[in-house]
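Residue-level listing of the chains:
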Amino acid sequence: MKQLEKQPEKKRISGFFYVMGGAALWGTLPVFSAFSYRMGSNALNSGAMRAYLSALLFLAWVIVTGRFRKIKRQEIPFYILYGIAAGGGTFIFYMLAIERLSTAMAAILLYTGPAFVILFNRLFYKEPVTKVKLAAVCLTFAGSFFVVKGYDLSSLSANLSGICFGLLSGISYSMTTVLGKRAKTLHDGRMNAALMVIFTAVLFLFVKPVWTVEIPDLRLWIPFLGLALLGTVLPYTFYLKGLDTGIDGGLASVTATLEPVVGTVLGVVILKDTLVWTQVMGIGIVLTGIAVPILVNQQEAAGKCKSALPR
């Protein structure tokens, strides 16, 4: 009986680590993006190549493994929605927000995503809004605010359309988790990641057709491949595999706020960015917010195991 109680909890704990692995890989996006900009690309150009190359990698995997045979015709409308609402929406709205706001302000609005996950999961799936979720959301959002220097008024700029696009990027970001809950009833995490990214690329055919993408420097293929493989294919696979383990969607999205922490650290190590004490404090707050649900889950698992013991 004790073993039966332990198994699902162990699986959920492993889910947190899959999500953290995905978030850590998403943290490489600012680095590869920065290198691509230095070589003559821009946000839309790099975003399009990220979508196209990652879709090609996933498409190759689906064909080589024969997984395309498992796709049912009636599932296609859902995955079109998934690709547009989650992947495409996040890519495009975030870029539009950056064009109108400062990078810091756009990032702050993007990280409203976990709050939207908790809200939508409550509305659509009746998931409870617990004190642990609220505490974790508040901690990770506050920490992200300090990590991206949201307190620096000189780096913040705001206008109504920019704020709207920023909030829409947060809502789209949340759709990876919200619609992912439905997707996992159809296929496993790898297949869901593949189909979502493939349909995201289809959307980009209308936004930035592949024949209009500019590659002024052949070295751009290196950061483009980094954006596709390390910034998209692997992290989406890990994140959705984490959801497969049954962890709460709201807590998964909170755990994914590890992304700006990793991005900031890589920026210091690789891009020689300057790290100030408030960012270090923010990193600590984010890590605390991530640790809270994991520790609570472990305590609950331990409690269940004890209650399952014969008396």
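The following refers to the structure shown. (Residues numbered from 1 in each chain as written. Predicted model: local features only at pLDDT ≥ 70, side-chain atom pairs only at ≥ 80, totals over all residues. Heavy atoms only, no water.)

1. Considerations on the nonpolar core
Selection criterion: As used here, the term nonpolar core means buried Ala, Val, Leu, Ile, Met, Phe, Trp, Tyr and Cys residues forming a set that is joined through side-chain atoms within 4.5 Å. Partly exposed residues are those whose accessible area sits between 20% and 50% of the maximum for their type, while under 20% is buried and over 50% is exposed, using a 1.4 Å probe and protein chains only. For helices the rule is a DSSP run of H or I covering at least 4 residues; for strands it is a run of E covering at least 2, with both sets numbered from the N terminus onward. Note on contacts: a residue pair qualifies if any of its non-hydrogen atoms lie within 4.5 Å across the two residues.
Within the largest apolar cluster, 69 residues are counted, with the highest numbers of intra-cluster contacts made by Phe58, Tyr79, Tyr82, Phe204, Tyr236, Tyr239 and Leu258. Considering every element that reaches this core, the biggest residue donor is helix H9 (residues 189-207), with 10 residues. Aside from chain neighbours lying at most four places away, what touches Tyr82 is Gly87, Met175, Thr176, Leu179, Gly180, Ala183, Asn192, Met196 and Leu240.

2. Description of the pattern of salt bridges
Cut-off, in case you're wondering: Here, a salt bridge means any side-chain nitrogen of Lys or Arg that lies within 4 Å of a carboxyl oxygen of Asp or Glu.
Within this structure, the stated rule accounts for six salt bridges. A salt bridge links Lys181 to Glu127, with the shortest nitrogen-to-oxygen separation between them at 3.0 Å. Remark: Glu127 occurs in the loop between helix H6 (113-125) and helix H7 (131-147) and Lys181 occurs in helix H8 (residues 160-183); sequence separation between them is 54 residues. The exposure class of Lys181 is partly exposed, given its relative accessible area of 29%. Of the residues examined, Glu127 reaches a relative accessible area of 9% and is grouped as buried. Members of the salt-bridge network, linked through shared partners, are Glu127, Lys133, Lys181 and Asp248.

3. Things to note about the side chain of Thr112
As for its position among the elements, Thr112 is in the loop between helix H5 (103-110) and H6. Thr112 sits in the buried class, given a relative accessible area of 16%. Excluding residues within four positions of it along the chain, Thr112 makes contact with Phe141, Leu167 and Gly170.

4. Concerning the environment of Leu275
Along the chain, Leu275 falls in the loop between helix H12 (258-269) and helix H13 (277-308). Taking the C-alpha atoms as reference points, Leu275 and Arg190, separated by 85 residues in sequence, lie 35 Å from one another. For Leu275, the residues in contact, after removing those within four places along its chain, are Thr264, Val268 and Val280.

5. Describing unusual backbone geometry
Residues other than glycine seldom take positive phi values, yet Lys126 does so here, at roughly 60°. Tracing the backbone shows Lys126 in the loop between H6 and H7. Given a relative accessible area of 61%, Lys126 falls into the exposed group. One non-glycine residue, Lys149, lies in the positive phi region at around 60°. Structurally, Lys149 is set in the loop between H7 and H8.

6. Description of a nonpolar patch on the surface
Note the following rule: Put simply, a patch holds well-exposed residues, over 30% relative accessible area, that have no salt bridge, with like charges counted together within 9 Å and Val, Leu, Ile, Met, Phe, Trp or Tyr side chains within 5 Å. The method behind every accessible area is Shrake-Rupley, applied with a 1.4 Å probe, and residues are considered shielded solely by the protein chains displayed.
Where nonpolar side chains cluster on the molecular surface, the patch consists of Leu44, Val202, Leu205, Phe206, Val207, Val210 and Trp211 and spans about 700 Å² of accessible area. Take the nonpolar patch: its biggest share by element is four residues, from H9. By secondary structure assignment, the location of Val202 is in helix H9. Assessed through its relative accessible area of 37%, Val202 is described here as partly exposed.

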